[in-house]
Amino acid sequence: MKLIISFIFVNLFIFITTLSLLSAASSIIYDSTGNKLLRGIPYYILPLLRGSGGGLTLSQNTKDACPLNVTQESFEVNNGAPFTFNPIILDEEIIRGAYPVSIEADVVNPCHGSNIWKVTTATAAKDDEDDLLTNIKHKKKKDGDKVVSVQIVTTGGEFNKPESCFQVVEDDVMPGLQSYQIQHCPFKCGTTSTDLTCYNVGVVRDSDGKGYLGRTDAIFPVVFTNSLRSSSQLMVKVSTSSQPGKLMRSE
Ligand SMILES: *[C@@H]1O[C@H](CO)[C@@H](O)[C@H](O)[C@H]1NC(C)=O
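Cut-off values and rules
- Residues numbered from 1 in each chain as written.
- Predicted model: local features only at pLDDT ≥ 70, side-chain atom pairs only at ≥ 80, totals over all residues.
- Heavy atoms only, no water.
- UniProt positions renumbered as here; feature names shortened; annotations may be inferred.
- Salt bridge = Lys/Arg side-chain N within 4 Å of Asp/Glu carboxyl O.
- Helix = DSSP H or I, 4+ residues; strand = E, 2+ residues; numbered from the N terminus.
- Buried < 20%, exposed > 50% of the residue type's maximum accessible area, 1.4 Å probe, protein only.
- Phe/Tyr/Trp six-rings, centres within 6.5 Å; stacked < 30°, edge-to-face > 60°.

- You'll find the chain entered in an unreviewed UniProt entry as Proteinase inhibitor I3, with Lactuca sativa given as the organism.
- Regarding the chain, the relevant UniProt record gives this comment under Sequence similarities (unreviewed entry): "Belongs to the protease inhibitor I3 (leguminous Kunitz-type inhibitor) family."

Below, the structure written as structure tokens:
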């Protein structure tokens, strides 16, 4: 098992190779029980590789901070928040691979604005040592690299806008285990851009180990678990460092 894990670990950094592992075919996406991934149904988005944290969720650094960040639960046993997938162009009930989708949190959001994911540039206050961007800058500086910004995923997006344009593609990380990579593909929604690049969306960590969802060169293989079938969890906690707030599912 150790061998397999380290093999995967090495693989995470060979991202150029992984591009070729990602199937370009517009296959149908399946949930973790083998059912087709359907539009509007709430799913937990869980990492394929266990031991590196739980499912994706929403969080707020302070009570009034908005929009919410999409982050990863620290504990593997936590499934996080449910999310829905909605095809942008095709009026279909199933979610197809490599087709543009909007991804939306299925919770009551304390922030004004939508629950739709968008990619946004995190800006750092210069003297805020806890900030994700500051930490990444420090880290990269040691490697002699220059980093200008970190692209993270938050709520507050708009349907069919480049910053809210995602796709799900099948990956091939563990043969025999179906898993998927979420990508941000700005050119597939509402733009005439000639830049045909899709960016992997995965977990970016700050120095405290907190995982933010963001654009990254690494892969982040995920599986989708129907949240209505998997448990009777009706309350979703949005973690706030100062004042934890409870959010009710919207249905
Ligand atoms: C989201 O994360 C960024 C980067 O760490 C931070 O600047 C921002 O305040 C966070 N937003 C919320 C709602 O906590």
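Text resumes after the structure shown.
1. Looking at the pattern of salt bridges
Here is step 1 of the chain: Taken as a whole and assessed by the stated rule, the structure comprises five salt bridges.
Here is step 2 of the chain: A salt bridge links R39 to D91, with the nearest nitrogen and oxygen atoms 3.0 Å apart. Of the two residues, R39 is situated in the loop between α2 (15-21) and β1 (43-47) and D91 in the loop between β4 (83-87) and β5 (101-105); the sequence distance between them amounts to 52 residues.
Here is step 3 of the chain: Judged by relative accessible area, R39 falls into the partly exposed class, the value being 23%.
Here is step 4 of the chain: Two residues, E76 and R50, come together in a salt bridge whose shortest N-O distance is 3.9 Å. Taken as a pair, E76 in the loop between β3 (69-72) and β4 and R50 in the loop between β1 and β2 (56-60) lie far apart in primary sequence, 26 residues in all.
Here is step 5 of the chain: A residue is classified by how much of its surface remains accessible, and E76, at 34% relative accessible area, is partly exposed.
Here is step 6 of the chain: A cluster of three or more residues bridged by salt bridges with shared partners is formed by R39, D91 and E93.

2. Some remarks on the packing of aromatic side chains
Here is step 1 of the chain: Overall, the coordinates contain five aromatic pairs when judged by the stated rule.
Here is step 2 of the chain: Ring centres 5.1 Å apart and planes at 75° place the aromatic pair F85 and F224 in the edge-to-face group. Taken together, the residues span a long stretch of sequence, with F85 in strand β4 and F224 in strand β12 (residues 222-226) at a distance of 139 residues.
Here is step 3 of the chain: Using a relative accessible area of 0% as the deciding quantity, one classes F85 as buried.
Here is step 4 of the chain: Since its relative accessible area comes to 0%, F224 is described here as buried.

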